[in-house]
Amino acid sequence: MALRHNPTARQVRLAAELRRLRDNAGLTSRQAAALLGVSPPQISQIEAAIAGVSEKRLRRLAAHYTCTDEELVAALAAMATDRTRGWWEEYRGQLPTPFLDLAELEHHATFLREVQFLYIPGPLQTEDYARAVFSYRVPELPDGELELRVRHRMQRKTVLGSAPYEAIIHEAALRIMVSNRTASRAQLAHLLELSDAERIAVRVIPFALEGFAGAASAMVHAGGVVPKLDTVVRDAPHGTVFIDSEAQLGAFRMLFRKVEDAALTCEQSRDFIHRLTKEL
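Summarised in this report is the structure supplied together with it.

Reading guide: rules and limits
- Residues numbered from 1 in each chain as written.
- Predicted model: local features only at pLDDT ≥ 70, side-chain atom pairs only at ≥ 80, totals over all residues.
- Heavy atoms only, no water.
- Phe/Tyr/Trp six-rings, centres within 6.5 Å; stacked < 30°, edge-to-face > 60°.
- Buried < 20%, exposed > 50% of the residue type's maximum accessible area, 1.4 Å probe, protein only.
- Lys NZ or Arg CZ within 6 Å of the ring centre and 35° of its normal.
- Axes fitted to C-alpha atoms, helices over the stretch in contact; angles between N-to-C directions.
- Helix = DSSP H or I, 4+ residues; strand = E, 2+ residues; numbered from the N terminus.
- Parallel < 35°, antiparallel > 145°, perpendicular 65-115°, else oblique.
- Left-handed = near helix turned anticlockwise from the far one by under 90°.
- Contact = heavy atoms within 4.5 Å.
- Nonpolar A, V, L, I, M, F, W, Y, C, P; charged D, E, K, R; others polar.
- Salt bridge = Lys/Arg side-chain N within 4 Å of Asp/Glu carboxyl O.
- Expected span 1.5 Å × (residues − 1).
- Polar contact = N/O pair within 3.5 Å; in protein donor to acceptor, adjacent residues only side chain to side chain.
- Pairing = 2+ DSSP bridges.
- Core = buried A, V, L, I, M, F, W, Y, C linked by side-chain atoms within 4.5 Å.

**Let's talk about the packing of aromatic side chains**
The final tally for this structure, using the stated rule, is four aromatic pairs. Their ring planes at 90° and their centres at 6.1 Å tell us that Trp-87 and Tyr-91 sit as a pair that is edge-to-face. Since its relative accessible area comes to 21%, Trp-87 is described here as partly exposed. You can call Tyr-91 buried: its relative accessible area is 1%. The rings of Trp-87, Trp-88 and Tyr-91 are connected pair by pair, giving a single aromatic cluster. Looking at Arg-113, its charged tip hangs above the ring of Phe-256, at a distance of 4.0 Å from the centre.

**Some points on the packing of helix 7 (residues 127–135) against helix 8 (residues 143–155)**
Put simply, helix 7 and helix 8 touch, their axes get as near as 9 Å, and they point 140° apart. Judged on the interaxial angle alone, helix 8 and helix 7 are oblique. Pair helix 7 / helix 8 crosses with right-handed handedness. Counting all contacts with helix 7, which are made through Glu-127, Ala-130, Arg-131, Phe-134 and Ser-135, the residues of helix 8 involved are Leu-146, Glu-147, Arg-149, Val-150, Arg-153 and Met-154. Counted by class, the contact of helix 7 with helix 8 contains five nonpolar, one polar and five charged residues.

**Here we look at the pattern of salt bridges**
By the definition in use, this model includes 23 salt bridges. Glu-171 is the salt-bridge partner of Arg-175, the closest N and O atoms lying 2.6 Å from each other. Residue Arg-175 and its partner Glu-171 are both found in helix 9 (residues 171–175); the two are separated by four residues, about one turn of the helix. Measuring nitrogen to oxygen at the nearest pair gives 3.9 Å for the salt bridge that ties Arg-203 to Glu-260. Of this pair, Arg-203 sits in strand 3 (residues 200–205) while Glu-260 is found in helix 11 (residues 246–262), placing the two residues 57 residues apart along the sequence. What you see here is one network of salt bridges that share partners, running through Arg-13, Glu-17, Arg-20 and Asp-244.

**Observations concerning helix 5 (residues 70–81)**
If you check helix 5, its first and last C-alpha atoms are 17 Å apart, about what twelve residues at 1.5 Å a residue would give, namely 16 Å. When we look at burial in helix 5, the residues that qualify are Leu-72, Val-73, Ala-75, Leu-76, Ala-77, Met-79 and Ala-80. Next to the buried residues of helix 5 lie helix 1 (9–25) and helix 4 (55–64).

**A short note on the side chain of His-170**
In this structure, His-170 sits in strand 2 (residues 165–170). A distance of 3.0 Å separates a polar side-chain atom of His-170 from the backbone nitrogen of Ala-172. Apart from residues no more than four positions distant in its own chain, His-170 is found in contact with Gln-116, Phe-117, Ile-205, Pro-206, Phe-207 and Phe-212.

**Observations concerning the pairing of strand 5 (residues 231–236)**
As paired elements, strand 4 (residues 219–222) and strand 5 share three bridges and run antiparallel to each other. Bridge pairing in strand 5 places Val-220 opposite Val-233. Taken together, the five bridges between strand 5 and strand 6 (residues 239–243) define a ladder with antiparallel strand orientation. Its bridge partner lying in strand 6, Asp-235 is registered against Thr-240. Counted along the chain from strand 5 to the antiparallel partner strand 6, the turn is two residues long.

**Remarks on the nonpolar core**
Membership of the largest hydrophobic core comes to 29 residues, with the highest contact counts inside it found for Leu-124, Ile-169, Leu-174, Leu-191 and Ile-273. Of all the secondary structure elements, the ones that give two or more residues to this core are helix 6 (97–108), helix 7, strand 2, helix 9, helix 10 (181–195), strand 3, strand 4 and helix 12 (266–279). Looking at this core element by element, the count peaks at four residues for helix 10. Here Ile-169 is in contact with Gln-116, Ile-120, Pro-121, Leu-124, Leu-174, Leu-191, Val-202, Arg-203, Val-204 and Ile-205, once residues within four sequence places are set aside.

Spatial relationships are all this shows, so hold off on functional conclusions.
Next comes the structure, spelled out in C-alpha cells:
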C-alpha cells in the first residue's frame, strides 16, 4: 500500500488501537514484525497511520497479540477496510483538517452527546448563527473561506438523521446573541423544532441551578461500534483534540453523567426555550 502523507483521525485511531494491543501483549514492534513476517519499519508505519493494513494482516496481528475481544477485532477490521469518501472530502485542501476529521467522526458515530456552555452546538446552528460565529474570528477569514465553513457546518446536520443525538446546552449559550435579536430568535425557534425530532434530545442547564460547577465540561462524546472505540472531542487553545485513551474516556463518561443529571428534562427544556424566545 502507498504511504499516506495526511492520515485522517479515523486512520490514526486505528493505528493507535493496534499499538495498544501490541503494548498490552508486551511485544516490541520488532517482535510483532517477526510474528507477521514483515520488517520492523512496516509495523512502525502501520502504527503511525502512514501505511494501511489489510483485514487479513490485522486479524493475524490481533491473534498474535492474544486479543480475545471479537467485537473489537471485527470493528477494527471494518475500519481497516473502510473506503468511505464522505461529503466532507470536497473540503480537503480548503478547510483545516480538524473540520474534516470531526465530520468523519460524526458520520461513523453510533450516538452523539454534546455539552456546550457558550455556543449552540454546531449541528444545531442556523446558517445566520454559524456565519456570525465564524465572522468573529481574529484575524478575519477571507469571504470565500468563511462561506466554506458555514456550508460545511450546515452539511454536518446530516448526522442528525443517522444517529441518536443529545445536546446539553447551558442557558448562557441560549442568551448570548452572537448576531442580532432576529437571528437569536430564529436560532431558538430552530432548537425547538429540532427538539421534537425522534432521535434528538435537547436539554438545558439554567443559571438558577445551584451546586453546578461543571462549566468547563464542554465536549462531544461520539460512540464507537464498541465502547473501546468511543471518542471525546474537546476544543483547546492549540486546536481540536480527539481523546481516546481508556482512562480518559472513563473520566469523561462520568463527567457527562454528572452534567446530564444536572440538566432539565427534555420537556422542561422545551418550555424553558419557549419562554426565552418570548423574552426576545
